[in-house]
Amino acid sequence: MLGEMKQNKKTKIVIVGCGKVASHYIKIIKSKKINNCKLVGFFDIDINKASFFARKFFSKAFTNLDKMLDETIPDLAIILTPSGLHYAHTKQVLKKKINVLVEKPAALIPSQVKELSMFAKKKKLLYVVAFQNRLNLSIVCLKDAINKKRFGKIITSSINLRWCRFQKYYNDDWHGTWKHDGGVINQQALHHIDALNWLIGPVNSVCAKMSNQLNKLEAEDTTVAIMKLKNGGLCTLEATTAARPRDFEASISIVGEKGMVKVGGIALNKIETWEFLSKKKEDRFIPKKFSEKVKNGYGNSHPKLIQKTLDELRKNKKRSPISVSHVIESTKLIHALYSSEENKKWIHLRDMPISKRLGK
């Protein structure tokens, strides 16, 4: 099976989609942070984009995905095409019995993510979705505190995303469209919504309001929402790409009966508050030890995710470093938020709401 490989063999990787995010991945793969892999093919409908990267790696460029998969016989395909194409391209790759790492969102509709997950499991293939923030030092530390019940009862929590995207960002043929992307909650804040849902979810119900404050796009550049958690806690969401002139904040705060933590920075990279009624010796060292400097909103955890994915392939365990079940739940949550705006009311996730617009 193509999904199986020897531990001492270089992992053959193909890149599906050669846009902006591909530059980020390729820079990581070239670095010493990733070991024992080889880029063997690049696909894009624009041959010039694919050729630009292929020349750097003495590799091949393709405008036909099936042809690339057949000729290069990769162990792993990294899918970096526009969001609305993730489902089709992931399915196309899995059908060739090739493992997948796909950028978020996994797909635009929850049933599609579930279908891909089940198909990969049936074929014994690795299916990984790039919610790399779950691997941030600060988020791993916060998850550990939650697991150890240090917060007690969760009272409130919040997500704040104040990022800057100028109009040029939306002036292509897919960013901000309903068919291929969605707005700020499905493109930018999805990382942070997923992180919170993974940390203290699930969410029972939501009430959202959305608008375009500065940017012109089909979907929204700004969202505010209230979410009720199954554990009884309340959560607020504020997300915008209309902050100017730069990215300011991407944060999650959790307030419990026994303490409060805020993870902030521009990429959930910095522990800004870490206080509990029941103190431990290590508490005073945690903010410094588990905070990182980052260059941009991507953060530092893509290398960890890629390496963990390669390690799983070499061990033939096929366990995704990102739980796909939570990915499905996060996709459902996005649809609930959009459904609340569309129907102008509270939406319960138990009703399995589907947006009238996203992915349509």
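My aim in this report is to walk through the structure given alongside it, one point at a time. As the structure is a computational prediction, the values presented were derived from the model and not from experiment.

1. Some words on the sheet that holds strand β6 (residues 127-130)
Working step 1: Here six strands make up an open sheet; going across it, the order is β3-β2-β1-β4-β5-β6 and the pairing parallel. Where the open sheet ends on each side, the last strands, each with one partner, are β3 (60-62) and β6. The average angle at which neighbouring strand axes cross in this sheet is 25°, direction not considered.
Working step 2: Along the sheet, helix α2 (residues 47-56) makes contact with β2 (37-43) and β3, crossing β3 at roughly 165°.
Working step 3: Seen against the sheet, helix α3 (residues 65-72) touches β1 (11-16), β2 and β3 and runs at an angle of roughly 170° to β1.

2. Here we look at the sheet that holds strand β7 (residues 154-162)
Paired through their backbone hydrogen bonds, the strands of a sheet run either parallel or antiparallel.
Working step 1: Across the sheet, which stays open at both edges, the eight strands sit in the order β13-β12-β11-β7-β10-β9-β8-β14 with mixed pairing between neighbours. The outermost strands of the open sheet, each flanked by one partner alone, are β13 (270-276) and β14 (347-348).
Working step 2: The pairing of strand β12 (residues 259-264) with β13 spans six bridges and is classified as antiparallel. Bridge pairing in β13 links Val263 to Ile271.
Working step 3: Relative to β7, helix α9 (residues 190-200) is tilted by about 165°, and along the sheet it contacts β7, β8 (203-211), β9 (222-229), β10 (234-240) and β11 (249-256).

3. Points about the pattern of salt bridges
Working step 1: Within this structure, the stated rule accounts for 16 salt bridges.
Working step 2: Between Glu272 and Lys262 there is a salt bridge; the shortest N-O distance is 3.5 Å. In this pair, Glu272 sits in strand β13 while Lys262 sits in strand β12, placing the two residues ten residues apart along the sequence.
Working step 3: Residue Glu272 is classed as partly exposed on the basis of its relative accessible area of 39%.
Working step 4: A cluster of three or more residues bridged by salt bridges with shared partners is formed by Arg162, Glu238, Glu249, Lys262 and Glu272.

4. Focus on unusual backbone geometry
Working step 1: Pro105 follows Lys104 through a cis peptide bond whose omega is -10°.
Working step 2: As for its placement among the helices and strands, Pro105 is situated in the loop between β5 (99-103) and α5 (110-122).
Working step 3: A cis geometry characterises the amide bond from Gly201 onward to Pro202, with omega recorded as 10°.
Working step 4: Inspection of the secondary structure assignment puts Pro202 in the loop between α9 and β8.
Working step 5: With a phi angle near 60°, Asn36 is a residue other than glycine that sits in the positive phi range.
Working step 6: Within the fold, Asn36 resides in the loop between α1 (20-30) and β2.
Working step 7: Positive phi outside glycine occurs at Met352, with the angle close to 50°.

5. Points about α3
Working step 1: Of the residues making up α3, those classed as buried are Leu65, Met68, Leu69 and Thr72. Within α3, the buried residues cover an arc of 95° as seen down the axis, which keeps them to one side.
Working step 2: Next to the buried residues of α3 lie β1, β2, β3 and α4 (86-95).
Working step 3: With a side-chain oxygen lying 3.1 Å from the backbone nitrogen of Asp66, the N-terminal cap of α3 falls on Asn64.
Working step 4: Of the residues trailing α3, Ile73 is marked for its positive phi of about 45°.

6. Details of the packing of aromatic side chains
Working step 1: Counted by the stated rule, this structure contains seven aromatic pairs.
Working step 2: Here Phe52 and Phe53 contribute two aromatic rings whose centre-to-centre distance is 5.2 Å and whose plane-to-plane angle is 70°, an arrangement assigned as edge-to-face.
Working step 3: With a centroid separation of 4.9 Å and an interplanar angle of 90°, the aromatic rings of Tyr169 and Tyr170 are classed as edge-to-face.
Working step 4: Residue Tyr169 is classed as partly exposed on the basis of its relative accessible area, which comes to 22%.
Working step 5: Pairwise contacts between aromatic rings join Phe42, Phe52, Phe53 and Phe57 into one cluster.
Working step 6: The residue whose ring lies beneath Lys143 is Trp198, and the NZ or CZ to ring-centre distance is 4.8 Å.
Working step 7: The ring of Phe276 carries the charged tip of Arg150 above its face, separated from the ring centre by 4.1 Å.

Parameters at a glance
- Residues numbered from 1 in each chain as written.
- Predicted model: local features only at pLDDT ≥ 70, side-chain atom pairs only at ≥ 80, totals over all residues.
- Heavy atoms only, no water.
- Pairing = 2+ DSSP bridges.
- Helix = DSSP H or I, 4+ residues; strand = E, 2+ residues; numbered from the N terminus.
- Axes fitted to C-alpha atoms, helices over the stretch in contact; angles between N-to-C directions.
- Contact = heavy atoms within 4.5 Å.
- Salt bridge = Lys/Arg side-chain N within 4 Å of Asp/Glu carboxyl O.
- Buried < 20%, exposed > 50% of the residue type's maximum accessible area, 1.4 Å probe, protein only.
- Arc of directions from axis to C-beta.
- Polar contact = N/O pair within 3.5 Å; in protein donor to acceptor, adjacent residues only side chain to side chain.
- Phe/Tyr/Trp six-rings, centres within 6.5 Å; stacked < 30°, edge-to-face > 60°.
- Lys NZ or Arg CZ within 6 Å of the ring centre and 35° of its normal.

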